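# A look at the structure
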Amino acid sequence: LALVTSGSYQRYYYVGETKYHHIIDPETLFPKDTFAAVSILTPDSGIADAVSTACFNLSLEEALKYFKSLGIEMVEIGCGGYPGNAHANAEELLSDDAKLEEFKALIKKYDVEISALSCHGNPVHPNKEIAADFDKTIRNAILLAEKLGLHQINTFSGCPGDCETAKYPNWV
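Structural notes, computed from the coordinates. Everything quoted here is computed from the prediction, not taken from an experiment.

## Some points on unusual backbone geometry
Residues other than glycine seldom take positive phi values, yet Asp111 does so here, at roughly 50°. By the secondary structure assignment, Asp111 is in the loop between helix H4 (97–109) and strand S6 (113–118). For Asp111, a relative accessible area of 56% corresponds to the exposed category.

## Side note on the nonpolar core
By size, the foremost hydrophobic cluster in this structure holds 25 residues, and its most contacted members are Ile77, Phe103 and Leu117. Looking at this core, the elements with two or more residues in it are helix H2 (60–69), strand S5 (74–78), helix H3 (90–95), H4, S6 and helix H5 (128–148). Ranked by residues supplied to this core, first place goes to H5 with five residues. With residues near it in sequence (within four places) discarded, Ile77 still touches Leu60, His87, Ala88, Phe103, Ile107, Ile114, Ala116, Leu117 and Ser118.

## Points about the packing of aromatic side chains
Tallied over the entire structure, the rule returns two aromatic pairs. Between Tyr66 and Phe67, the ring centres sit 6.4 Å apart and the planes meet at 50°, which makes this aromatic pair tilted. Of the residues examined, Tyr66 reaches a relative accessible area of 33% and is grouped as partly exposed. Consider the rings of Tyr82 and Phe134, whose centres lie 5.1 Å apart with planes at 55°: the pair is tilted. Highlighted residues: Tyr82 in the loop between S5 and H3 and Phe134 in helix H5, separated in sequence by 52 residues. The exposure class of Tyr82 is partly exposed, given its relative accessible area of 24%. Look at Phe134 and you get buried, because its relative accessible area is 12%.

Conventions and cut-offs
Residues numbered from 1 in each chain as written. Predicted model: local features only at pLDDT ≥ 70, side-chain atom pairs only at ≥ 80, totals over all residues. Heavy atoms only, no water. Helix = DSSP H or I, 4+ residues; strand = E, 2+ residues; numbered from the N terminus. Buried < 20%, exposed > 50% of the residue type's maximum accessible area, 1.4 Å probe, protein only. Core = buried A, V, L, I, M, F, W, Y, C linked by side-chain atoms within 4.5 Å. Contact = heavy atoms within 4.5 Å. Phe/Tyr/Trp six-rings, centres within 6.5 Å; stacked < 30°, edge-to-face > 60°.

Function-wise, these values are silent; they only describe arrangement.
Laid out in structure tokens, this is it:
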């Protein structure tokens with residue numbers, strides 16, 4: 001079996017305040033302007049890579065429809081942090097009951113189960129503002145999981161910097 005993830009958080013660079021990554025939106029021919037990650041598990045790594053990259057640019061409904069056509073019964077959905085929140089904005093879903101019900105109805109419409117919410121981030125990042133944003137994201141994911149009746153959240157803590165003046169995590 002092969003597990004392949006395509007995500008905008010792996011290969012990117014900044015020009016000023018604009019982040020550019022390696023997955024191109026076929027409609028604009030520029031990198032997609034949302035952060036997301038799509039993981040595919042299949043016997044063939046080539047197929048997994050092609051499908052994960054293609055699904056990166058799909059809306060949640062388009063992705064669910066496509067997955068259902070492949071017989072996929074379970075999905076992991078990003079709700080913030082590095083996987084992005086293009087498919088499930090936890091803060092929005094927690095503050096708007098109607099949007100939460102629409103989200104639940106969409107999942108039910110395609111008869112798929114959510115295996116987990118993804119909110120990878122680094123709440124111990126040496127930049128306190130970045131750390132606080134990731135901490136808030138993880139907390140919102142926990143609250144959203146509770147509202148959805150889920151018992152699994154995928155995340156990681158990362159590493160702090162290597163000294164008091166560090167700007168970046170020290171990935172040992």
